[in-house]
Amino acid sequence: MKTDKQHKPFAMIREFQLADWFTLANAVCGTGALFSMLTYLQTTDVRHVYFAGGMVFAALVFDVLDGRVARWRQKSSGMGRELDSLADVISFGVARPLLGMVAACRAYTTVLS
């Protein structure tokens, strides 16, 4: 016998809440910061570093907002909780350290040359 959830394809996507959109924005900002820093490595245009820093700050704002919206609306989804963890890892566990590492490596290679 099949349960009710087995009859509903894409049930997790249908549970998508407003707070999940802020979580997605957090992940997009973190990914944008990653790509911006990789572009800086290739082009050495310092504007990419400033852009990456702004994107990390925007990710922080979206991270705060997604929790507040979820508490305000008193709604959350299973997919949203998992997505929030992934977005935090991208934005704060990978993008921020990469920003510091790339900036330090570029400064070190500039001093040596």
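These figures come from a predicted structure and were not determined experimentally. (Residues numbered from 1 in each chain as written. Predicted model: local features only at pLDDT ≥ 70, side-chain atom pairs only at ≥ 80, totals over all residues. Heavy atoms only, no water.)

Visitor: I would appreciate a short explanation of helix 3 (residues 47–73) in the present structure.
Guide: Given 3.6 residues per turn, any residue in an α-helix points the same way as the ones three and four places further on. Across its 27 residues, helix 3 extends 38 Å between first and last C-alpha, which sits within 8% of the 39 Å expected from 1.5 Å per residue. Within the span of helix 3, buried status applies to Val 49, Ala 52, Met 55, Val 56, Ala 59, Asp 63, Asp 66, Gly 67 and Val 69. Where helix 3 terminates, the next one or two residues include Gln 74, which has phi positive at roughly 55°. (Helix = DSSP H or I, 4+ residues; strand = E, 2+ residues; numbered from the N terminus. Expected span 1.5 Å × (residues − 1). Buried < 20%, exposed > 50% of the residue type's maximum accessible area, 1.4 Å probe, protein only.)

Visitor: Would you take a moment to explain the nonpolar core for this structure?
Guide: A general feature of soluble globular proteins is that nonpolar side chains tend to end up buried together. Ranked by size, the top nonpolar core spans 16 residues in total, and within it Ala 33 and Met 37 carry the most contacts. Of all the secondary-structure elements, those providing two or more residues to this core are helix 2 (18–43), helix 3 and helix 4 (78–112). Tallying contributions element by element places helix 4 first for this core, with six residues. (Core = buried A, V, L, I, M, F, W, Y, C linked by side-chain atoms within 4.5 Å.)

Visitor: For this particular structure, what's the right way to read unusual backbone geometry?
Guide: We note that Thr 44 has phi near 55°; this positive angle belongs to a residue other than glycine. Inspection of the secondary structure assignment puts Thr 44 in the loop between helix 2 and helix 3. By relative accessible area, Thr 44 is classed as partly exposed at 45%.

Visitor: Mind showing me how you'd approach a nonpolar patch on the surface here?
Guide: Together, Phe 57, Leu 60, Val 61, Val 64 and Leu 65 make up an exposed nonpolar region whose accessible area comes to about 410 Å². The residue Val 64 is located in helix 3 in this model. By relative accessible area, Val 64 is classed as partly exposed at 39%. (Patch = residues over 30% accessible without salt bridge, like charges linked within 9 Å, V, L, I, M, F, W, Y side chains within 5 Å. Areas by Shrake-Rupley, 256 points an atom, 1.4 Å probe, with all protein chains shown as cover. Salt bridge = Lys/Arg side-chain N within 4 Å of Asp/Glu carboxyl O.)

Visitor: Where do I start with helix 2 in this structure?
Guide: Between its terminal C-alpha atoms helix 2 stretches 38 Å, which fits the 38 Å expected from 26 residues at 1.5 Å a residue. Where helix 2 ends, the next residue or the one after it, Thr 44, has phi of about 55°, a positive value.

Visitor: Help me understand the environment of Leu 41, please; the structure alone is not making it clear to me.
Guide: The residue Leu 41 is located in helix 2 in this model. Taking C-alpha positions, Leu 41 is 7.6 Å from Arg 106, a pair spaced 65 residues apart along the chain. When near neighbours in sequence (up to four residues on either side) are disregarded, Leu 41 contacts Val 102 and Arg 106. (Contact = heavy atoms within 4.5 Å.)

Visitor: Would you explain the environment of Phe 57 in this entry?
Guide: Relative to the helices and strands, Phe 57 resides in helix 3. Residue classification places Phe 57 among the exposed positions, given a relative accessible area of 56%. Once the C-alpha coordinates of Phe 57 and Arg 96 are considered, the two residues, 39 residues apart in sequence, prove to be 9.8 Å apart.

Visitor: Just checking my understanding: could you explain the environment of Val 94 for this structure?
Guide: Its location among the elements puts Val 94 in helix 4. Note on Val 94: relative accessible area 39%, which makes it partly exposed. Between the C-alpha atoms of Val 94 and Thr 31, which are 63 residues apart in sequence, the distance is 9.2 Å. Apart from residues lying up to four places away in sequence, Val 94 is in contact with Leu 34 and Val 89.

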